[in-house]
Amino acid sequence: MEISQHLNPNLFSQTVDAVPNRNGFGDGLKEAGEQDARIVALCADLTASTKVDVFAKAFPERYFQVGIGEQSMASVASGMAAMGKIPFIASYAMFSPGRSWEQVRTTIAYNGSNVKIIGAHSGISVGPDGATHQAIEDMGIMRIIPRMTVIAPCDVHEAKRATIAAAKHVGPVYIRIARENTPVITTPGTPFEIGKAEVYLKRDKQHVKKVGIIGTGTILYHALVAGKKLNEGGIGASVMNIGTVKPLDTEAVRAFADEHDVIVTVEEHQIMGGLGSAIAEFLSGVRPTRILRLGINDQFGQSGTMEELLSHYGIDNESIVEKTREFLG
Amino acid sequence: MQYLTDEEVLKLEEKANEIRQSVIEMLVEAGSGHTAGPLDMADIFTLLYFEVLKHNPKDPFWADRDRLVLSNGHICPILYATMAHAGYFPVEELLTLRKFGSRLQGHPHKEMLPGVETSSGPLGSGLSQAIGMALAERMSNPYTSKYVYCLLGDGELNCGQIWEALMLGGKERLHNLIAIVDRNGIQIDGYTEDVMPLEPLKEKFESFNWDVQEVDGHNMRAVNDAIGKAQAVYSQPSIIIAHTIPSKGVDVFERDFRWHGNPPGLGPEDRVKRSDQAKVALEKLRTLAGHVRNTDFE
């Protein structure tokens, strides 16, 4: 088993640091704002919990409170982009882009507006708030919009780098971030490039069975732990981080599929429309591969702790190990 | 604000009449599209493009131009026809409306036709975009004399997003934003007050902290004066409720909501049979039998 030097050396320890990746977005937006005066931020009454407050404190004249009006926020941002600004709009993913999908499609994407959409509190890990606030469809509804880039950072460092990269990228970008403390997977020096995947864990070559696990977002931690356990238990498992779900790093995915017998995808999202779908859509055309898609299977979430929910919906590391073994037969 | 002489008003009215004829020709050629709104907004579009707007049809991306956001994109035949007559593109191109490969999409697309400031069609989002433009402009240039004009239909005032935008516009005191509502009283399913009552509309807008004026939308001088006054309001965004007659200019089509979404040739038949609708409409306009002229100074 070979571990990428880009990983936090403390990753597999019991004492691994855990911080919310939304903090990385907050810091990244402030840094991007320092680099580019065209950047403005809009928020729909969730400034502190989305971490837009960091930017708002640094650049009060470039921050706009639009109230609880996500549809209008998307279109206001489009108008500001038309005048040369680079707006970041933030709310919970369930409301933006959940409630504002058509405005995002028409006034942002179809117009070719340079707007960045930040969906906070995504996934089921938001926990006790329950299903109404658990965005597990957001990557699907964003991925199918032409021109939209979709990013799901795996930790606080990737969230920061993705935010800075999104600010430099010309065109609409969706970034989903999460609320809870999750393990720090990478390091401040880990590279991030929109559209680039990286294999973080390479399988132990002595094992006969070979599985390639692909994860996105903070659930990647469980994919990595599962990968380590599988290698230790006699199955050669590699783990790839796909930070950018769209555009997909097809070259890397193709090579990854070539090197393994089966692929397992892991995401905190419906198994329809998100990462698993993207991988299946691509591989079915170029290299038919057996794929096990792990995520939420056509259900709504519910209240509970993050740990309870990840276990219940079968995407914590123990579930990934068990389901991968079953799938390999 | 520029005072309009009788001669200038007459010229604008004649231009509006030509543009209405183009609208009929386009719709007939396309075989689909909306009639009532484009005809009733012909006077206001003509006034804007030939008198009010700071713009340059030969340089549509001129940075210092005013911005015109058409929120109710379905009335785009009047946008296209006015732009063509103003010199943005050849008038002959109007006959490509809604056809494959045309820059004149069924609902406007910003990237296809230079001079179109935003893509629109899904109702209710234009005012927010205009607010974004006005906000961004004010950030970059606090003493701006560049105005953002937003044209809205009255039917789309049903959309919740409009009221989100009205709150934000009032909050931000956007002096450089002027919205004009086409208060023609109809929408696709019927009369606005039957589908979803809007009145008292003026009071609604005022309660959102906008400066509000009501005006006869076919009276060039009155609309011009209202825009001039709106430009002078410096502590609030402005909204002008322009009372218009749906299908204005073709009396046999006027005031009938069934002309909202049909082109001549596919409209209601109780006054003119379909096969004659295009011919009758053009004749009415050419002979002024539809009483296009507003007679306030005659």
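Coordinates for the structure precede this section.
Treat the numbers as computed from the prediction; the structure is a model and nothing was measured.

Caption draft 1: Quick look at the sheet that holds strand β4 (residues 63–65) of chain A. All names here are of chain A. Here seven strands make up an open sheet; going across it, the order is β4-β3-β5-β6-β8-β7-β13 and the pairing mixed. Of all the strands in the sheet, just β4 and β13 (244–246) have a single pairing partner and so form its edges. Across the sheet, the mean angle from the axis of one strand to that of its neighbour is 20 degrees, orientation sign disregarded. As paired strands, strand β3 (residues 39–43) and β4 are joined by three bridges and run parallel to one another. Residue pairing across strands places Leu-42 opposite Phe-64, the latter belonging to β4. Against the sheet, helix α6 (residues 156–168) touches β3, β5 (86–92), β6 (116–120), β7 (149–151) and β8 (173–176), its axis set at about 170 degrees to β8.

Caption draft 2: View of the interface of chain B and chain A. Listed per partner, the contact involves 21 residues of chain B and 22 residues of chain A. Elements represented by at least two residues in the side of chain B that touches chain A include exactly α5 (126–140) and α6 (160–172) of chain B. If you tally residues by element for the side of chain B that touches chain A, the top one is α5(B), at nine residues. Of the residues in the side of chain B that touches chain A, the class split is nine nonpolar, seven polar and five charged.

Caption draft 3: How the structure looks around the environment of Asp225(B). Residue placement: Asp225(B) occurs in helix α9 (residues 220–232). For the pair Asp225(B) and Glu172(B), spaced 53 residues apart in the sequence, the C-alpha separation amounts to 25 Å.

Caption draft 4: Region of interest: helix α11 (residues 317–328) of chain A. Residue and element names in this part refer to chain A. The terminal C-alpha atoms of α11, which comprises twelve residues, lie 16 Å apart, in line with the 16 Å expected from a rise of 1.5 Å per residue. Where α11 is buried, its residues touch β11 (210–215), α7 (220–232), β14 (262–270) and β15 (290–296). A positive backbone phi angle near 75 degrees is found at Gly-329, which sits one or two residues after α11.

Criteria and cut-off values
- Residues numbered from 1 in each chain as written.
- Chains lettered and ligands numbered in written order.
- Predicted model: local features only at pLDDT ≥ 70, side-chain atom pairs only at ≥ 80, totals over all residues.
- Pairing = 2+ DSSP bridges.
- Helix = DSSP H or I, 4+ residues; strand = E, 2+ residues; numbered from the N terminus.
- Axes fitted to C-alpha atoms, helices over the stretch in contact; angles between N-to-C directions.
- Contact = placed C-beta atoms within 7 Å.
- Nonpolar A, V, L, I, M, F, W, Y, C, P; charged D, E, K, R; others polar.
- Expected span 1.5 Å × (residues − 1).

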